[in-house]
Amino acid sequence: MTRSAIIVLDHYTRGAVWLHWIVAALVLVNLVIGLLHDSLLEGVRGAIPLHMAIGLCVLVLTVARVAWRLVYRPPPPPAKSAAWERAVAGLAHGAFYLLLLALPITGWMLVSRKPVGVAFSWLGVFDVPALPISRAASGAAHSAHGLLGYAMVGLIVLHVCAALRHHFVLRDGTLTRMIPALPRPK
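Rules of the game
Residue numbers run consecutively from 1 along every chain, following the written order of its sequence. Two thresholds apply to this predicted model, a pLDDT of at least 70 for residue-level local features and 80 or more for giving and counting side-chain atom pairs, whereas whole-chain, interface and lining totals are computed over all residues. Side-chain descriptors were evaluated using all non-hydrogen atoms of the structure, hydrogens and water having been removed beforehand. Here a helix means four or more residues in a row that DSSP labels H or I, a strand means two or more in a row labelled E, and each is numbered from the N terminus. Whenever two N or O atoms come within 3.5 Å, that pair is a polar contact, provided that in protein one can donate a hydrogen and the other can accept it, and provided that, for residues adjacent in sequence, both atoms are side-chain atoms. A contact between two residues is defined here by any heavy atoms of the two lying within 4.5 Å. Axis definition: a line fitted to C-alpha atoms, limited for helices to the stretch in contact. Angles are taken between N-to-C directions and run from 0 to 180 degrees. Oblique is the label for any angle not under 35 degrees, not over 145, and not in the 65 to 115 range, which are roughly parallel, roughly antiparallel and roughly perpendicular in turn. Throughout, a crossing is termed right-handed when the near helix is turned clockwise from the far one, and left-handed when it is turned anticlockwise from it by less than a right angle. When residues are grouped by polarity, Ala, Val, Leu, Ile, Met, Phe, Trp, Tyr, Cys and Pro land in nonpolar, Asp, Glu, Lys and Arg in charged, and all others, Gly among them, in polar. Any residue under 20% of the maximum accessible area for its type is buried, any over 50% is exposed, and the rest in between are partly exposed; the area is computed with a 1.4 Å probe on protein chains only. Here, nonpolar core refers to any group of buried Ala, Val, Leu, Ile, Met, Phe, Trp, Tyr and Cys residues whose side-chain atoms link them within 4.5 Å.

A few words now on the side chain of T13. Here T13 shows up in the loop between β1 (7-8) and α1 (14-36). Side-chain polar atoms of T13 contact the backbone nitrogen of A16, separated by 3.1 Å. Every residue in contact with T13, bar those within four places of it in the chain, is listed here: W68 and Y72.

Structure (structure tokens):
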């Protein structure tokens, strides 16, 4: 891709906004299922197969988000942002993308207990093949998957707090770039 093919805007594109909110909703549903499946959802038939199906959707949509972001660069941070704020925002966004890839991959790894065959069925529509990994790798992925889930919860809390700070304290319009219907603060 040539340099001239990269598009830089002062706002997020509709595609970026839609991908953000669809992935956010799927991640929140999956966190609830993942965190509660051993307690409140114990015995609820279909909770874990739904969790796995949503995880695969998150993986595919995250790859689409990364591709979209390579073509449509995100808008620059607000002009008055301090260097430390820009650095923290960059690290947080990078951590989000890393977790959005690592969580579904470690989930897929943990259900790939046998190196060949089917790992799981995606809503009964098609079978997802097992990854060619060892039982030990599958076990390690299980531990990592849980820890990454808690990291995602913490990062979401940080992200929401930062967005609310931008909107209600700094009043810089950052949140309106991701929620276009929201009135700009005055």
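Contact geometry for α1 and helix α4 (residues 135-170): axes closest at 11 Å, N-to-C directions at 130 degrees. Accordingly, the angle class assigned to the pair α1 and α4 is oblique. When the axes of α1 and α4 are compared, the crossing they make is left-handed. Packed against α1, whose contacting residues are H20, V27, L28, L31 and L35, the element α4 presents G149, Y150, M152, V153, I156 and H159 at the interface. A breakdown of the residues in the contact of α1 with α4 according to their chemical character gives 8 nonpolar, 3 polar and no charged.

What follows deals with unusual backbone geometry. We note that L123 has phi near 55 degrees; this positive angle belongs to a residue other than glycine. Tracing the backbone through its elements, the reader meets L123 in the loop between β3 (118-122) and β4 (126-129). Although it is not a glycine, R171 adopts a positive phi angle of roughly 55 degrees. Looking at the secondary structure, you find R171 in the segment after α4. R171 sits in the partly exposed class, given a relative accessible area of 41%.

We now examine the nonpolar core. V27, L100, M152 and I156 are the most contacted members of the largest nonpolar core, which has 15 residues in total. Of all the secondary-structure elements, those providing two or more residues to this core are α1, α2 (47-71), α3 (83-110) and α4. Here the element with the most residues in this core is α3; it accounts for 5 residues. Sequence-distant contacts of M152, defined by excluding residues within four places in its chain, comprise V27, L31, F96, L99, L100 and L103. Grouped together as the second largest cluster of nonpolar side chains are 13 residues, M52, L56, A119 and F120 included.

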